[in-house]
Amino acid sequence: MDSRTDKGIHRMGSPYVAVASDQPGFVLAVRQVLAGHYLVETETDGNRALARLRARPPVVAVVDSRLPPRGGGDLIRRLLDHPATRDLPVIVVYDPDDGGLS
């Protein structure tokens with residue numbers, strides 16, 4: 001299902017943001033804040049998020065630092081290692097009480 005027409009642009013004409021988090025409350029909050037401005041696509045697993053981000057890079061990725069199965073730090077390192085995503089802007093979200101990036 002490749003709906004991208006240009007980097008970060010959904011076929012519906014809206015730029016899209018990818019959110020990689022398994023925290024439903026956080027995902028809902030991001031959707032509410034960005035509604036009307038961006039299409040928000042979500043993934044709850046780091047491996048699936050990586051495949052989606054490489055196939056269709058968004059305008060920005062929001063990554064949960066504790067994203068299963070290996071953590072947000074691993075996902076970011078893998079994004080940096082791939083030509084399609086090495087320049088992708090990433091916002092890392094973490095709870096300082098949970099140990100930060102893994």
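The structure this text deals with has already been given above.
This section reports on the structure supplied with the text.

Reading guide: rules and limits
- Residues numbered from 1 in each chain as written.
- Predicted model: local features only at pLDDT ≥ 70, side-chain atom pairs only at ≥ 80, totals over all residues.
- Heavy atoms only, no water.
- Salt bridge = Lys/Arg side-chain N within 4 Å of Asp/Glu carboxyl O.
- Helix = DSSP H or I, 4+ residues; strand = E, 2+ residues; numbered from the N terminus.
- Buried < 20%, exposed > 50% of the residue type's maximum accessible area, 1.4 Å probe, protein only.
- Lys, Arg positive; Asp, Glu negative; His and termini not counted.
- Contact = heavy atoms within 4.5 Å.
- Pairing = 2+ DSSP bridges.
- Axes fitted to C-alpha atoms, helices over the stretch in contact; angles between N-to-C directions.

## Notes on the pattern of salt bridges
Within this structure, the stated rule accounts for six salt bridges. The closest approach of N and O atoms between Glu 41 and Arg 52, which form a salt bridge, is 3.8 Å. With Glu 41 in strand S4 (residues 39-43) and Arg 52 in helix H2 (residues 46-55), this pair connects stretches of sequence that are eleven residues apart. Using a relative accessible area of 26% as the deciding quantity, one classes Arg 52 as partly exposed. Residue Glu 43 is joined to Arg 48 by a salt bridge in which the shortest nitrogen-to-oxygen separation is 2.8 Å.

## Considerations on the side chain of Asp 64
Tracing the sequence through the fold places Asp 64 in strand S5 (residues 60-64). Put simply, Asp 64 is tucked away with no salt bridge, and the nearest opposite charge, on Arg 66, sits 6.7 Å away.

## Side note on the environment of Val 19
Mapped onto the elements, Val 19 comes out in strand S3 (residues 16-20). Under the relative-accessibility criterion, Val 19 is labelled buried at 2%. Separated by 22 residues in sequence, Val 19 and Glu 41 have C-alpha atoms that sit 6.2 Å apart. When sequence neighbours within four positions are dropped, the list of residues in contact with Val 19 reads Phe 26, Val 27, Val 30, Val 40, Glu 41, Thr 42, Glu 43 and Val 62.

## Some details on the sheet that holds S4
Read from one edge to the other, the open sheet built from four strands follows the order S4-S3-S5-S6, with strand pairing classed as parallel. Two strands lie at the open edges of the sheet, namely S4 and strand S6 (90-93), each paired on one side alone. Taking the axes of each pair of neighbouring strands and ignoring which way they run, one obtains an average angle of 20 degrees across the sheet. As judged from the four bridges shared by S3 and S5, these two strands associate in the parallel manner. Across the sheet, the residue bridging to Val 17 is Val 60, located in S5. Sitting on the sheet, H2 touches S3, S4 and S5, and the angle it makes with S4 is about 140 degrees.

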